[in-house]
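Below, each chain spelled out in residue letters.
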Amino acid sequence: MAGEIHARLSGVTRVYPAVAGNPPVHALGPIDLELRRGEFFSIVGPSGCGKSTCMDVLAGLSPPSEGEVAFEGKPVKGNVPDGVGAVFQEDASFPWLTVSDNVAFGLRRQGVDGAEIAKRVAYALGFMGLRDFAQAYPAQLSGGMRQRVCIARTLVLQPRLILLDEPFGALDAQTRLLMGDELLRLWRETGATVLLITHALDEATMLSDRIGAMSARPGRFLETIETGWPRDRDSSMLEGETFGHITGRLWQMLRAESKAAMGYGSEPGQADREAG
Amino acid sequence: MTRNTTYALDIALVIAGILVIWQLLHMGAGDVAISSPAATALRAGELLASPGFWPHAAETGLALLYALIIAVLIGLGVGTLLGAHRLSGAVAEPILVALYSLPKITLYPVILLVFGLGLEAKVAFGAIHGVIPVTIFTMNAVKNINPVFLRTSRVLGMGPMQTATHILVPATLPEIVSGLRVGFSLTLLGVIIGELFASHRGMGFLVMRAIGTHDVVTMMAVTLILAVAAVLIASTLLYIDNRLHRRV
């Protein structure tokens, strides 16, 4: 199982075509990425470096301009393949449905039978600590709870590859650490491959088996770091020395890139538009 | 005090306030212009009990219903298309806003010439009042749908029909109900204005006939009945509207 390639990007670039007088934007690549089955991989990089684009391409939400995308050995073209789940940075919980109906949403669309839906929803609600809020509407919940609803909605579909696009970006630092612990638990129990897009270096260090550090736009991998964490881990590793080392190395790599992304010492206009 | 009793008290206070102002205006202007609340209510009761009144009410109700159906169907259809296609929406919006603020009464002679005297002209005139707000609200609802909902539908592998029924409709419903609420008020306005001129049936006609014979109390009574009916329907829509918006 270890070492088997679960998803692959080869020579992928993404160029957004020119719109209304703006020149085309070269957002990403060329990049190569191999996700091993069952690993926790994070991508970090300065804002606008194409991290989210990278995830969109891998999910089949956005076509690559060049290169190949494959999931479980099959090419990804136009559609999101079965077995891929995604959680976005924005709150995607449906305000017109209760928490429980939100979580059941995907299963109902796929025509899974009622008893099975009830079972999986109950499990996911329990897992994400939402059992007491099953009948609440998202408007009654905090941002962190709503994001958990979205994670639960993905979890019930039992995806083999989970893509997370800065899912905790809008949360405060302490809530993020706790959500990180839950994410690790979810990853361990489901055995899924996880790809996390984040701008938080500590988050990436704490959660990942491997971390890909991306350059300023157009995003390319500068280096991939193996953290060497055991599979059984949680946020208590923040106390350890290794944590500081890895986070420090990431920052060393990304410092110049982040400056470039903010417009210091780069061509004017190169990094002023968010490519996602 | 519970929320419901406070609410009932608020309504009672508003009604009491209106009655006091009405009575004061009556005492100032006299019976020749404004009949007293009591006399008007009595006359309204007589009208509601008389068989001659109901065909007129039915005529107005039918015209309103037809006009609303036309306004809503066209408004939803055009609004959805304009909302989904960004360029069309950008082109159409200023035109719609201009049409919205155009005093449509200036078009009534044209409508009369096209549709003739009778139900059709009233329906058409009501519909052109109601269709614009329904279109504008629908367009904005579709245009402003949260893009992450549509991404979610793609990740869940939903087809266009599933996306329309399970995401597009519920996501836009609160705004569309707001549009219906505004559209209802304006459609009723259009229908009544249509009945005020060159009409020989309907509530608007009753008002004009009463003015013609200087029957102030009947004129006021018909207006009162119209106002109460309109407030009841508009409040119901407002209630639904608020309930839907509370979840967002």
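These numbers were taken from a predicted model, which means no experiment stands behind them.

The helix and strand tally for chain B stands at 10 helices and zero strands. Starting at the N terminus, the α and β elements of chain B follow one another as α-α-α-α-α-α-α-α-α-α. With the C-alpha coordinates of chain B rotated into their principal frame, the extents come out at 70 × 60 × 30 Å. Expressed as a percentage of its 248 residues, the buried residues of chain B come to 35%. Relative to all contacts within chain B whose residues are 6 or more apart in sequence, the contacts with residues 24 or more apart total 78%.

A word on the domain arrangement of chain B. The assigned domain composition of chain B is domain 1 (1-34) and domain 2 (44-246). Summarising the inter-unit geometry, the C-alpha centres of domain 1 of chain B and domain 2 of chain B are found 28 Å apart.

Turning our attention to helix α4 (residues 86-101) of chain B. All names here are of chain B. Given a rise of 1.5 Å per residue, 16 residues ought to cover 22 Å, and the 23 Å separating the end C-alpha atoms of α4 matches this to within 8%. The largest bend in α4 is about 35°, located at Ala92, with the proline Pro94 one to four residues further on. Burial within α4 is sparse, with just one of its 16 residues counted as buried.

Moving on to the domain arrangement of chain A. Residue and element names in this part refer to chain A. The domain architecture assigned to chain A consists of domain 1 (1-83 + 159-235) and domain 2 (93-157). Placing the centre of domain 1 and that of domain 2 at their C-alpha centroids yields a distance of 24 Å. When residues of the side of domain 1 that touches domain 2 are assigned to their parent elements, the largest contribution, three residues, is made by helix α5 (residues 173-190). When its residues are assigned to classes, the side of domain 1 that touches domain 2 shows eight nonpolar, one polar and no charged.

Residues and elements named next belong to chain A. Between helix α2 (residues 99-109) and helix α4 (residues 143-155), the least distance of the axes is 7 Å, while the angle of their chain directions is 35°. The crossing of α2 and α4 is right-handed. In contact with Val99, Asn102, Val103, Phe105 and Gly106 of α2, α4 contributes Val149, Ala152 and Arg153. Considered class by class, the residues forming the contact of α2 with α4 number five nonpolar, two polar and one charged.

With that out of the way, let us pick up the packing of helix α3 (residues 54-84) of chain B against helix α9 (residues 203-212) of chain B. Residue and element names in this part refer to chain B. Taken N-terminus to C-terminus, the directions of α3 and α9 make an angle of 130°; their axes are 7 Å apart at the nearest point. Of the possible angle classes, the one that applies to α3 and α9 is oblique. Residues His56, Ala57 and Thr60 of α3 form the contact with α9, whose participating residues are Met203, Phe205 and Leu206. Split by residue class, the contact of α3 with α9 holds four nonpolar, two polar and no charged.

Rules of the game
- Residues numbered from 1 in each chain as written.
- Chains lettered and ligands numbered in written order.
- Predicted model: local features only at pLDDT ≥ 70, side-chain atom pairs only at ≥ 80, totals over all residues.
- Helix = DSSP H or I, 4+ residues; strand = E, 2+ residues; numbered from the N terminus.
- Buried ≥ 20, exposed ≤ 12 C-beta atoms within 10 Å, placed from the backbone.
- Contact = placed C-beta atoms within 7 Å.
- Domains from an automatic or database assignment.
- Expected span 1.5 Å × (residues − 1).
- Bend = angle between axes of the 7 residues up to and from the residue.
- Nonpolar A, V, L, I, M, F, W, Y, C, P; charged D, E, K, R; others polar.
- Axes fitted to C-alpha atoms, helices over the stretch in contact; angles between N-to-C directions.
- Left-handed = near helix turned anticlockwise from the far one by under 90°.
- Parallel < 35°, antiparallel > 145°, perpendicular 65-115°, else oblique.

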